[in-house]
Amino acid sequence: MQATDSLREDLQYVTSAVRQHDRTVGIPVIYYLWAAIVLVGYALPDFAARLAGPFWFVAGFGGGLLSWWLASRDEKRRGVIDRATGRRWGLHWVIGGVGFLLSALPMVTGHVDPAFGATTFLLTGGLIYAFAGVHLERPMLWSGLIMLAAYAVLVIFAPPYVWTISGIVIAFALCWAGVAAQRQRRPVMS
Amino acid sequence: MKALDDLVPVFEHRARLAIGVLLAGRGEISFSRFKAQLELTDGNLGAQLRKLEDAGCIALRRDFVDRKPVTWYSLTKAGRKLLDQHLHALQAMIAETAG
């Protein structure tokens, strides 16, 4: 009986250590970075539509690379290098990037009016963020759902400044996720 | 009980088992991270890691992060095999006790 109790205690110790390790709350600075990018990038279609494409091309790739570098630095500082999860994130965003490029295809080929077709980016972005929230990091789910709701509002009602309003709401959701992540993270120095 | 024979002595200590399980789920983990995660003293953790290293279960790599020296640990192929064997033996023991 003593051996069974000892085994139970050992397994409880291991389980507790593993559960503590499994929490993924995200990297606050990456949420803030994308909140800033989204805030500017989503206001552009309403106020300077011609700049929106070049801005997203530069900020999308630049922000992606910066996020990758920030995530890698954070991993080293927190003392866990998880290559399998890193590969999953990489694959997720590469597929997301391809999705964004394909969203532009109907407009580039002239089959869809850019004024209407641009909303497809919101749908694609919403799906990419929502799936990241489901499979990788939960706080991203809310930003994704807001994007999907904004897409529906934009397509059905076509109200003014929906891009800007969506950007503000998404940026708020990302900042909220960043603050939540900051509170949950325990400082662990390498 | 056959399961008892299959237990791997180096993983019979709970801290060493936790180290093995944590490394199996991740690529590399630093000494400081283990210390915080397992709530062990430097001396105790160092001794447990040394036993796993001596048994060929883990490998270490030294690096600098923010100009501070960091030791990273990873599970070797042999270590993963032995950990699997130990976990299967534990499962069998629990099943036999429950049955």
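Keep in mind the model is a prediction, meaning the values are calculated, not measured. (Residues numbered from 1 in each chain as written. Chains lettered and ligands numbered in written order. Predicted model: local features only at pLDDT ≥ 70, side-chain atom pairs only at ≥ 80, totals over all residues.)

**Section: the pairing of strand 3 (residues 68-75) of chain B**
The side chains of a regular strand alternate, first on one face of the sheet and then on the other. Residue and element names in this part refer to chain B. For clarity, the cut-off: A pair of strands is treated as paired once DSSP finds two or more bridges between them. Secondary structure counts use DSSP, requiring at least four H or I residues in a row for a helix and at least two E residues in a row for a strand, with both numbered from the N terminus.
As defined by bridge partners, strand 1 (residues 28-30) adjoins strand 3 across two bridges and the pair is classed as antiparallel. From the neighbouring strand, Ser-30 faces strand 3, where its bridge partner is Trp-72. By the bridge criterion, eight bridges tie strand 2 (residues 58-65) to strand 3 in an arrangement that is antiparallel. Within strand 3, the residue paired with Phe-64 across the bridge is Pro-69. Counting the residues that bridge the hairpin from strand 2 to strand 3 gives two residues, and of these Asp-66 lies at a positive phi of roughly 50°.

**As for the interface of chain A and chain B**
Going by this rule: Think of it this way: build a C-beta for each residue from its backbone, and any pair within 7 Å is a contact.
The interface is formed by 20 residues belonging to chain A together with 21 residues belonging to chain B. When residues of the side of chain A that touches chain B are traced back to their parent elements, those giving at least two are helix 1 (2-22), helix 3 (49-78), strand 1 (80-81) and helix 4 (83-108) of chain A. Ranked by the residues each element gives to the side of chain A that touches chain B, the list is headed by helix 1 of chain A, at eight residues. With two bridges connecting them, strand 1 of chain A and strand 1 of chain B associate as antiparallel partners. Considered in strand 1 of chain B, the bridge of Ile81(A) is made with Glu28(B).

**Focus: helix 3 (residues 31-38) of chain B**
Side chains three or four residues apart in an α-helix point the same way, a direct result of the helix having 3.6 residues per turn. Rules: As a rule, residues whose C-beta atom has 12 or fewer other C-beta atoms within 10 Å are exposed, those with 20 or more are buried, and those in between are partly exposed; C-beta atoms are placed from the backbone.
Listing the buried residues of helix 3 of chain B in full gives Ser32(B), Arg33(B), Phe34(B), Gln37(B) and Leu38(B). Once helix 3 of chain B ends, the next one or two residues include Glu39(B), with phi positive near 55°.

**Overview of the sheet that holds strand 1 of chain A**
Strands in a sheet are paired, the pairing made by backbone hydrogen bonds, and the direction either parallel or antiparallel. The following threshold applies: Axis angles are defined between N-to-C directions and span 0 to 180 degrees, where every axis is a line fitted to C-alpha atoms and, for a helix, only to the segment in contact.
The four strands lie next to each other as 1(A)-1(B)-3(B)-2(B), forming an open sheet whose pairing is antiparallel. The two strands at the open ends of the sheet, each matched to only one other strand, are strand 1 of chain A together with strand 2 of chain B. Its contacts with the sheet put helix 3 of chain B on strand 1 of chain A together with strand 1 and strand 3 of chain B, and the angle it makes with strand 1 of chain B is roughly 80°.

**Overview of the confidence of the model for chain B**
All names here are of chain B. Rules: Known as pLDDT, the predictor's per-residue confidence is scaled from 0 to 100.
Per-residue pLDDT for chain B averages 91, and the proportion of residues at 70 or more is 98%. Per-element confidence in chain B is highest for helix 4 (residues 42-54), whose mean pLDDT is 96, and lowest for helix 1 (residues 2-6), whose mean pLDDT is 76. For this predicted complex, the interface score ipTM comes out at 0.80, while the overall pTM is 0.77.

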